[in-house]
Amino acid sequence: MTVPAPSSVPGSTVTSLGSAHVLLTGGTGFVGQAILERLLSSHPDTTVTLLIRPKAGTSALARLRHLLKKPVFASWRERVGADEVERALTERLRVVESSLGSLPALPGDLDVVIHSASTVSFDPPIDQAFDTNVGGAVGLYEALVAAGGNPHVVHVSTAYVGGIRKGVFPEAALRHDVDWRAEHAAARDARARVEAASRQPETLRGFLAEGRAGHGKTGPQAVAAAAEEARVAWVAARLVDYGRTRAETLGWTDVYTLTKAFAERAAEQIWAAEGHRLSVVRPAIVESALRHPYPGWIDGFKVADPLIMSYARGLLPEFPGVPDSVLDIVPVDYVVNVILAVAANPAGASSASAVDSGAAGAVASGAATDGAAPASASASAPEPQYFHVASGNSNPFPILRMFDNLKTFFTANPLPRDEHTNIPVPTWDFPGVRKVEGAIRTAQRANDWRERVLVRLPSTTRTRTALTGVQTRRADLESLQSLTDLYRHYVQSEIIFDDRRTRALHDGLPEEAPADIGFDVTDIDWEDYFQTVHFPSITAMTRAFSVRPAAAGAVLDARALPQRSDVVAVFDLEGTVLDSNIVEQYLWVRSNGFRKAAWPAEVASLLTGLPAYLRAEGRDRGEFIRAFLRRYAGMPVSRLKGVVRSAGYAETVRRHTLPEALARIAEHRAAGHRTVLVTGSIGTLATPIAHLFDEVVASTMHERDGVLTGYLAQPPLVDEARAAWLAQWALEEGIDLTGSYGYGDSHADLAWLEMLGNPSAVNPDANLAREALRRRWSIRDWSRARGSSASGTSTAPAVGTTSKGEGDRV
């Protein structure tokens, strides 16, 4: 039912909470911090109990101490001094260490409860939204009933609980007959249902296929991890979709507003229906402070800020909003002023009996005095009262006007693209949400197609830079899609929030009341607020005008190597030290002493088997090595060793050894580092360069009667097998892997490279390049200088020679 607006006679609104005992939830959040600061700075006789959850090993009291060091409290700290801050911590502020879902017994002498805790996300999984917003409210009000007191509860909601509607939304209880308890139970069951569905064989097979496609060459554990990551993401996405879809089918914009509406109903049924006093404050979009504690104060990005910064960074070429739709923004200090004014003026109380100075506040609130039992709730308690803190009715600010302000500010103050250029701001034509979403989908398809082409091209500096651009573009498009999904209803809204009750409360403020406790939104000059307060605040907070390092291009750690004996430098052979692969190595062997008449048949056989080899390589590096090394079947071991010792083979290896690799190996040895060469191929083939390393770890072939059978003597040391070997070897040798170095060229090397503190991708394939760019690893382009000395540097031993005291360790 609609309650008549309070008197607007000046002086009829009480401004003091006196010596009231206030319970505050959500005190570490944006609005909660501002409420606490006001209680400390403007209501010095109050006692405040805060519900604070321990976090990451930090106690609730420690979190409160850290909280009071934040900028919002700076003016209060400076004004009262360190001793008074400490006194407040020990005498005025009390901490109940708990989350809303598991409350201990609450104090029975509370005068005012301000419930401002809630999820800060519009689109969380449905069970999380219900547990936080609905379950939290239920837990609080049940605990208050059990405490036996009769405090005035100020329930902070949102103006958007009105749902998807057009026209004026009154300051009154919501009209709906949805069974919120049944919806809460269904939301909690949703996770179990979705988790079960994600574990069905047909669903799991899809996750496995996705994992194999992206990580098959890295190894089975990488595939399993990717599959499980995909399953978890699928569950989260389904639960988000559950929430969004259920909210829309019930007439709300999203699960946030749905659960906030149900939390109001919980407050009405659990608290107000039992005769207790309840006031509901519904802010619209809360943004930075206009005056208090200082102009522009804000704590993190709020509702409108991602849109603002996306525009400034050129990521919003168009906007899905309606130009005449009202962007209902209100400064946070106005919201806090309304909350505290409402707290001091419970429904049905005159200025004389409201929560005022001295003990009268406690008596009026029904709390115990002089040891008496708490007063019970009045059977004739007034109906709940509702207050909208919004600007759209009294001082509207349409989307088109917001665009004009954005364009004006960021044209005059463009964000830098780099040291020499700025980001141009787009011009919006407001084509409508369907066209904007269609353009996003088209751009995503084009970007995906470009990526598919790039990953099939040879990995070069140019293709890697292009691939980085693709990844950046994907992130930008995903952000744009997310913004469109989240804000669709808010930027096309045709709802107007009636604020007559709130205006009457403001008009009742005493004439001598300080200006900064008022909340008349008609006093706000929106152009001045955005141009001189809000935009400068959020750009400073994000350091938006700082020149950021370019995201594209390779990263290279050029620091000198430290002198250490407890680290290792691990080098892959094919594609990293040698500009070759095991197919070429096989041809080198066959070309030494192979009859020329046999070459056509050998080449034909190799070409015939090539498609199968390529398929095996795409699936699993080990499978490819096993398949290809079968070609050595029937070769005498003595012949293979003779070929490898020959001058021709050594010269071929010399010509294919990368000079930069030789130089880097020499640098590591000069720094005292252990050096290890690893290959999945036959160790014998690495003989000409084995002397460059302290250890060579490779495969060996099975032989029978001095003849190779074509089978490996043990599984090839590739991908995760190499990682497992490295972990065990480092443990046995006392090697510090976090300070060690690794050099590999293939996505199959990812499993062992990521174990090392200093990984480098050398001439990487497209998939390894993508990971290296994402992880900011060093990327090295090593090329073969034909006809030059293979040493690459005077400090590197020549290929095919053996340094003093060194020998092959294969």
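Reading the values: rules and limits
Residues numbered from 1 in each chain as written. Predicted model: local features only at pLDDT ≥ 70, side-chain atom pairs only at ≥ 80, totals over all residues. Heavy atoms only, no water. Pairing = 2+ DSSP bridges. Helix = DSSP H or I, 4+ residues; strand = E, 2+ residues; numbered from the N terminus. Axes fitted to C-alpha atoms, helices over the stretch in contact; angles between N-to-C directions. Contact = heavy atoms within 4.5 Å. Core = buried A, V, L, I, M, F, W, Y, C linked by side-chain atoms within 4.5 Å. Buried < 20%, exposed > 50% of the residue type's maximum accessible area, 1.4 Å probe, protein only. Salt bridge = Lys/Arg side-chain N within 4 Å of Asp/Glu carboxyl O. Polar contact = N/O pair within 3.5 Å; in protein donor to acceptor, adjacent residues only side chain to side chain. Arc of directions from axis to C-beta. Right-handed = clockwise from strand over helix to strand, strands pointing away. pLDDT = per-residue confidence, 0-100. Phe/Tyr/Trp six-rings, centres within 6.5 Å; stacked < 30°, edge-to-face > 60°.

1. Some points on the sheet that holds strand 14 (residues 695–699)
Piece 1. If you trace the 6 strands from one edge of the open sheet to the other, you get 14-13-12-17-18-19, paired in parallel fashion. Two strands in the sheet have a free side with no partner beyond their single neighbour: strand 14 and strand 19 (778–780). The sheet shows a mean angle of 20° between the axes of neighbouring strands, direction not considered.
Piece 2. Here strand 17 (residues 741–744) pairs with strand 18 (residues 758–762) via 4 bridges, running parallel. Looking at the pairing, Tyr-741 lines up with Asn-758 of strand 18.
Piece 3. Running at roughly 150° to strand 13 (residues 674–682), helix 24 (residues 719–733) makes contact with strand 12 (568–572), strand 13 and strand 14 of the sheet.
Piece 4. Set on the sheet, helix 26 (residues 766–775) makes contact with strand 17, strand 18 and strand 19; between it and strand 19 the angle comes to about 140°.

2. A short note on the nonpolar core
Piece 1. If you look at the biggest cluster of nonpolar residues, it comprises 143 residues, and the most contacted ones within it are Leu-36, Ile-114 and Leu-144.
Piece 2. If near-sequence neighbours (up to four positions away) are discounted, Leu-144 is found in contact with Leu-23, Leu-106, Leu-110, Val-113, Gly-149, Pro-151, Val-153 and Trp-271.

3. Side note on the pattern of salt bridges
Piece 1. Applying the stated criterion across every chain, the model contains 34 salt bridges.
Piece 2. Its salt-bridge partner being Arg-246, residue Glu-183 comes within 2.7 Å of it at the nearest N-O pair. Here Arg-246 lies in helix 8 (residues 220–250) and Glu-183 lies in helix 6 (residues 180–198), a separation of 63 residues in the sequence.
Piece 3. Residue classification places Glu-183 among the buried residues on the basis of a relative accessible area of 14%.

4. Some words on the environment of Asn-758
Piece 1. Along the polypeptide, Asn-758 turns up in strand 18.
Piece 2. Separated by 18 residues in the primary sequence, Asn-758 and Ser-740 have C-alpha atoms spaced 6.0 Å apart.
Piece 3. Excluding residues that lie within four positions of it along the chain, Asn-758 makes contacts with Asp-557, Arg-559, Thr-738, Gly-739, Ser-740, Tyr-741 and Gly-742.
Piece 4. Polar contacts involving the side chain of Asn-758 include one to the main-chain carbonyl oxygen of Gly-739, which spans 3.4 Å.

5. Quick look at the sheet that holds strand 10 (residues 385–389)
Piece 1. Across the sheet, which stays open at both edges, the 7 strands sit in the order 3-2-1-4-5-7-10 with parallel pairing between neighbours. Every interior strand has two partners, whereas the edge strands, strand 3 (93–97) and strand 10, have only one. Each neighbouring strand pair of the sheet contributes to a mean axis angle of 20°, computed without reference to strand direction.
Piece 2. Inspection of the sheet shows strand 4 (residues 112–115) paired to strand 5 (residues 152–156) by 4 bridges, in the parallel sense. Bridge assignment links Val-113 to a residue of strand 5, and that residue is Val-153.
Piece 3. Docked against the sheet, helix 2 (residues 60–67) engages strand 2 (47–52) and strand 3, running at close to 135° with respect to strand 3.
Piece 4. Seen against the sheet, helix 11 (residues 332–344) touches strand 4, strand 5, strand 7 (278–283) and strand 10 and runs at an angle of roughly 155° to strand 5.

6. Examining helix 2
For the α-helix, the turn length of 3.6 residues means that residues three or four positions removed from each other point alike.
Piece 1. Among the residues of helix 2, Ala-60, Arg-63, Leu-64 and Leu-67 are the ones counted as buried. Taken around the axis of helix 2, the buried residues stretch over an arc of 100°, which confines them to a single face.
Piece 2. On its buried face, helix 2 sits against helix 1 (30–42), strand 2, helix 4 (82–92) and strand 3.

7. Concerning the side chain of Asn-337
Piece 1. Counting through the fold element by element, Asn-337 comes out in helix 11.
Piece 2. Residue Asn-337 is classed as buried on the basis of its relative accessible area of 6%.
Piece 3. Non-local contacts of Asn-337, meaning those with residues more than four positions away in its chain, are made with Arg-38, Asp-516, Ile-517, Gly-518 and Phe-519.

8. Notes on the pairing of strand 18
Piece 1. Across the 5 residues of strand 18, 5 count as buried, placing the element largely inside the fold.
Piece 2. In terms of strand pairing, strand 18 meets strand 19 through 3 bridges, oriented parallel. Looking across to strand 19, one finds that Ser-760 is bridged to Ser-778.
Piece 3. Running through helix 26, the crossover from strand 18 to the neighbouring parallel element strand 19 is right-handed.

9. Structural notes on the confidence of the model for the protein chain
Piece 1. On average, residues of the protein chain score 84 in pLDDT, and 88% of them are at 70 or above.
Piece 2. A low-confidence stretch, residues 350–376 stays under pLDDT 50, and its non-local contacts, those more than four residues away or across chains, total 56 contacts.
Piece 3. The low-confidence segment residues 786–797 (pLDDT under 50) makes 19 contacts with residues lying over four places distant or belonging to another chain.

10. With respect to the packing of aromatic side chains
In this description, an aromatic ring pair is defined by two values, namely the gap between the centres and the angle between the planes.
Piece 1. Summed over the entire model, instances satisfying the criterion amount to 30 aromatic pairs.
Piece 2. Ring geometry for Phe-530 against Phe-535: centres 5.3 Å apart, planes inclined by 40°, an arrangement best described as tilted. Both residues of the pair, Phe-530 and Phe-535, count as buried.
Piece 3. Seen from their ring centres, Phe-571 and Tyr-743 are 4.5 Å apart, and the 10° between their planes marks the pair as stacked.

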